[in-house]
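The primary structure of each chain is shown beneath.
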Amino acid sequence: MKKFIAITGPESTAKSTLTKELSTYFQADYYLEFSREYLENKGCKYSYEDVDYIAKIQVEQYEMGKTKQSNLILFDTWLIITKVWFEWTFKKVPEWLEQAIKECPIDLYLLCRPDIPWEPDPLRENGGKERDHLYLIYKNELISRGCSFVEIEGIGDERVQNAINAVKSNL
C-alpha cells in the first residue's frame with residue numbers, strides 16, 4: 001500500500017536534507033520543494049499568482065506520486081505550508097486549495113522543529129521569532145485537521161535518525 005509522507009515546518013529546518021536522506025534510506029520516490037526551484041528561476045519577488053501556481057504544481061506532484069513504483073512517496077513541504085504562506089503573506093487563500101488538501105491526503109507529516117540554526121539565503125523570509133511562530137501555526141493546522149504527525153528535532157545525524165524512526169513507526 002502506497003504511503004505519502006510530507007516533511008513540513010518553517011524555513012531552515014532541514015526539510016530538504018531530511019527528504020533526501022529518507023529517500024535514500026527507504027529507497028523512496030520524492031519531490032523536492034517546488035517553490036524553491038520556481039523562485040530561484042523567477043527571482044525572489046513573487047505574487048499571489050505565483051504561489052497559486054506553486055500550489056497547483058504540488059497537486060500535480062501528488063498525482064504523479066500515485067503512479068510511482070515506490071510504495072513510499074516523500075514531499076519536501078506540502079499544501080498546508082502553502083495555505084499558511086497565502087494567509088501569512090496575502091491574507092487570503094484560493095477557494096480551490098482547501099478541497100485540494102482534502103483530496104490529496106498525507107499519511108504522515110514530519111513536523112520539523114526550528115531547533116537548528118537559521119541559515120539565511122535569498123529566498124528565506126521568516127527567521128527568528130517568526131520561524132517559531134510559523135512552527136506553532138503549522139502544528140495547530142495539523143492538530144485541527146486531525147493529521148498524523150511526528151515532531152522532528154535534533155542536530156545532524158540525530159535529526160535524520162529521529163525522522164527515520166518516525167517513518168518506521170508509522171509505516
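Look a little higher up for the structure.
As the structure is a computational prediction, the values presented were derived from the model and not from experiment. (Residues numbered from 1 in each chain as written. Predicted model: local features only at pLDDT ≥ 70, side-chain atom pairs only at ≥ 80, totals over all residues. Heavy atoms only, no water.)

Trainee: So what's going on with the overall build of the protein? Residues and values would help.
Mentor: When its secondary structure is counted, the protein shows seven helices and five strands. In sequence order, the secondary structure elements of the protein are arranged as β-α-β-α-α-β-α-α-β-α-β-α. Its C-alpha atoms give the protein a radius of gyration of 15 Å, near enough to 16 Å, the size a compact globule of 171 residues would have. Burial status across the protein gives 46% buried among its 171 residues. At a minimum sequence separation of 6, the contacts of the protein that also span at least 24 residues come to 77%. Looking at the protein as shown, the accessible area adds up to about 8,900 Å², and 49% of this sits on carbon and sulfur atoms. The positive charge centre, built from 22 side chains, and the negative charge centre, built from 28, are 2 Å apart in the protein. (Helix = DSSP H or I, 4+ residues; strand = E, 2+ residues; numbered from the N terminus. Rg over C-alpha atoms; globule rule 2.2 N^0.38 Å. Buried < 20%, exposed > 50% of the residue type's maximum accessible area, 1.4 Å probe, protein only. Contact = heavy atoms within 4.5 Å. Areas by Shrake-Rupley, 256 points an atom, 1.4 Å probe, with all protein chains shown as cover. Lys, Arg positive; Asp, Glu negative; His and termini not counted. Charge placed at Lys NZ, Arg CZ, Asp CG, Glu CD.)

Trainee: Tell me about the packing of helix α4 (residues 79-90) against helix α6 (residues 128-144), residues and numbers included.
Mentor: Orientation of α4 relative to α6, taken along the N-to-C sense of each, is 125 degrees, at an axis distance of 10 Å. Here α4 is positioned oblique relative to α6, judged by the angle of their axes. Considering only the axes of α4 and α6, their crossing is right-handed. Of α6, the residues touching α4 (which contributes Ile80, Ile81, Lys83, Val84, Glu87 and Trp88) are Glu130, His133, Leu134, Ile137, Tyr138, Glu141 and Leu142. A class-by-class count of the residues in the contact of α4 with α6 yields eight nonpolar, one polar and four charged. (Axes fitted to C-alpha atoms, helices over the stretch in contact; angles between N-to-C directions. Parallel < 35°, antiparallel > 145°, perpendicular 65-115°, else oblique. Left-handed = near helix turned anticlockwise from the far one by under 90°. Nonpolar A, V, L, I, M, F, W, Y, C, P; charged D, E, K, R; others polar.)

Trainee: Account for the pattern of salt bridges, naming residues and giving values.
Mentor: In the structure shown here, the tally under the stated rule is 12 salt bridges. Between Glu98 and Arg145 there is a salt bridge whose closest N-O contact spans 2.7 Å. Residue Glu98 is found in helix α5 (residues 97-103), and its partner Arg145 is found in the loop between α6 and β5 (149-152); the two are separated by 47 residues along the sequence. One salt bridge connects Arg145 with Glu141, and the closest N-O pair in it is separated by 2.9 Å. Taking the relative accessible area as the measure of exposure, Glu141 reaches 13% and is therefore buried. (Salt bridge = Lys/Arg side-chain N within 4 Å of Asp/Glu carboxyl O.)

Trainee: Talk me through the nonpolar core; I want residue IDs and the actual numbers.
Mentor: Formed by 34 residues in total, the largest nonpolar core has its most connected members in Tyr62, Phe75, Trp78, Leu79, Ile106 and Tyr109. Elements with a contribution of two residues or more to this core: β1 (3-8), α2 (34-42), α3 (48-65), β3 (72-76), α4, α5, β4 (108-112) and α6. A total of seven residues in this core trace back to one element, the largest contributor, which is α3. With near-sequence residues (within four places) excluded, Tyr109 lies in contact with Ala6, Thr8, Trp78, Ile80, Leu142, Cys147, Ser148, Phe149 and Val150. (Core = buried A, V, L, I, M, F, W, Y, C linked by side-chain atoms within 4.5 Å.)

Trainee: Summarise the state of the cysteines; cite the residues concerned and give the values.
Mentor: Within this structure, the stated rule accounts for zero disulfides. Take Cys104: it sits in no disulfide, and the sulfur closest to it among the cysteines is that of Cys147, at 13 Å. By relative accessible area, which is 3% here, Cys104 ends up buried. (Disulfide = S-S within 2.5 Å.)

Trainee: Quick one: what's the story with the environment of Ile101, residue by residue and with numbers?
Mentor: Along the chain, the position of Ile101 falls in helix α5. Taking the C-alpha atoms as reference points, Ile101 and Val59, 42 residues apart in sequence, are found 8.6 Å from one another.

Trainee: Give a detailed account of the sheet that holds β1, specifying residues and quantitative values.
Mentor: The five strands lie next to each other as β2-β3-β1-β4-β5, forming an open sheet whose pairing is parallel. In this open sheet, the two edge strands, each paired with only one partner strand, are β2 (29-31) and β5. Looking at each pair of strands side by side, their axes are set apart by 20 degrees on average, direction ignored. (Pairing = 2+ DSSP bridges.)

Trainee: Please give an account of the packing of aromatic side chains that cites residues and values.
Mentor: Scanning the entire structure with this criterion turns up 15 aromatic pairs. Note on Tyr46 and Phe90: the rings are 6.2 Å apart at their centroids and 80 degrees apart in plane angle, and the pair reads as edge-to-face. Here Phe90 lies in helix α4 and Tyr46 lies in the loop between α2 and α3, a separation of 44 residues in the sequence. On the accessibility criterion, Tyr46 (17% relative accessible area) is buried. (Phe/Tyr/Trp six-rings, centres within 6.5 Å; stacked < 30°, edge-to-face > 60°.)

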